[in-house]
Amino acid sequence: MRSRARVSSRVADSTRPQRGIIDTSVVIDLEAIDPTSLPFELAVSSVTMAELAAGPHATDDPDERARRQDRLQRAEAAFDALPFDAESARAYGRVFSAVAAGRKARGAALDLLIASTACALDLPLFTRNEEDFRGLEGIVDVRAV
């Protein structure tokens with residue numbers, strides 16, 4: 001079994017969580033993100049892996065398709081994806097309810113599934129798109145990076 005990708009830091013920071021889930025936006029920009037703004041141990045949801053798998057098929061540009069395929073293969077090599085399991089499915093009800101209150105959860109279904117995994121595992125969720133998770137305060141610890 002592959003180990004989860006780890007982020008190294010020269011100086012241990014006790015405020016950084018030991019483990020957290022990174023969403024698709026963080027995986028895409030991972031090399032550009034300051035490692036000290038991320039948990040020591042990174043995890044991804046199987047939903048993120050599904051989004052990455054769709055990426056190469058969502059463009060007609062051959063160069064972009066190759067970049068997306070490379071990103072997918074690197075992620076597959078680096079991570080054992082956390083499953084969207086029964087516990088995540090139960091958490092989805094709470095997450096959906098929090099976001100749907102007062103606005104439509106349009107186009108955010110995959111983000112909500114990722115948030116549900118974080119909720120079920122009680123892990124912080126790291127994202128480049130904090131607005132995608134608005135309304136989840138108190139349910140999921142969402143951290144913008």
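Before reading on, note that the structure itself is shown above.
Residues numbered from 1 in each chain as written. Predicted model: local features only at pLDDT ≥ 70, side-chain atom pairs only at ≥ 80, totals over all residues. Heavy atoms only, no water.

(A) Main features of the overall build of the protein chain. When you go through the protein chain residue by residue, the secondary structure sums to five helices and four strands. Each helix (α) and strand (β) of the protein chain, taken in turn from the N terminus, gives the series β-α-β-α-α-α-α-β-β. The buried share among the 145 residues of the protein chain stands at 39%. The contacts in the protein chain between residues at least 6 apart in sequence include a share of 63% that link residues at least 24 apart. Surface accessibility of the protein chain: about 8100 Å² in total, with carbon and sulfur atoms responsible for 50%. (Helix = DSSP H or I, 4+ residues; strand = E, 2+ residues; numbered from the N terminus. Buried < 20%, exposed > 50% of the residue type's maximum accessible area, 1.4 Å probe, protein only. Contact = heavy atoms within 4.5 Å. Areas by Shrake-Rupley, 256 points an atom, 1.4 Å probe, with all protein chains shown as cover.)

(B) Representation of the packing of helix H2 (residues 46-54) against helix H3 (residues 62-78) within the structure. Interaxial distance between H2 and H3 falls to 8 Å at its minimum, and their mutual angle equals 155°. By the angle between their directions, the pair H2 and H3 is classed as roughly antiparallel. Handedness of the H2/H3 crossing: left-handed. Contacts from Met 49, Leu 52 and Ala 53 in H2 reach Arg 71, Leu 72, Ala 75 and Glu 76 in H3. A breakdown of the residues in the contact of H2 with H3 according to their chemical character gives five nonpolar, no polar and two charged. (Axes fitted to C-alpha atoms, helices over the stretch in contact; angles between N-to-C directions. Parallel < 35°, antiparallel > 145°, perpendicular 65-115°, else oblique. Left-handed = near helix turned anticlockwise from the far one by under 90°. Nonpolar A, V, L, I, M, F, W, Y, C, P; charged D, E, K, R; others polar.)

(C) Structural detail: the pattern of salt bridges. Enumeration according to the criterion identifies eight salt bridges in this entry. Linking Arg 67 and Glu 64 is a salt bridge whose minimum nitrogen-to-oxygen distance equals 3.0 Å. In this pair, Arg 67 and Glu 64 are both assigned in helix H3, three residues apart and thus about one turn of the helix distant. Looking at Arg 67, the relative accessible area reads 47%, which means it is partly exposed. The network of salt bridges with shared partners includes Glu 64, Arg 67 and Arg 68. (Salt bridge = Lys/Arg side-chain N within 4 Å of Asp/Glu carboxyl O.)

(D) Quick peek at the nonpolar core. Core analysis: the largest hydrophobic core is formed by 19 residues, its most contacted members being Ile 21, Val 95, Ala 115, Leu 125, Phe 133, Leu 136 and Val 140. Put simply, the parts of the chain that give this core at least two residues each are helix H4 (86-100) and helix H5 (109-121). When residues in this core are grouped by element, the largest group, five residues, is from H5. Excluding its chain neighbours within four sequence positions, the residues that come into contact with Phe 133 are Asp 23, Asp 111, Ala 115, Leu 125, Thr 127 and Val 142. (Core = buried A, V, L, I, M, F, W, Y, C linked by side-chain atoms within 4.5 Å.)

(E) Spatial organisation of the environment of Gly 93. Note that Gly 93 resides in helix H4. For the pair Gly 93 and Leu 112, spaced 19 residues apart in sequence, the C-alpha separation works out to 9.8 Å.

(F) Representation of the packing of H2 against H5 in the model. Closest axis-to-axis distance for the H2/H5 pair is 8 Å, and the angle between their directions is 150°. Relative to H5, the element H2 is oriented roughly antiparallel. Contacts between H2 and H5 involve Val 47, Thr 48 and Glu 51 on the former and, on the latter, Leu 110, Leu 113 and Ile 114. Per-class residue counts for the contact of H2 with H5 are four nonpolar, one polar and one charged.

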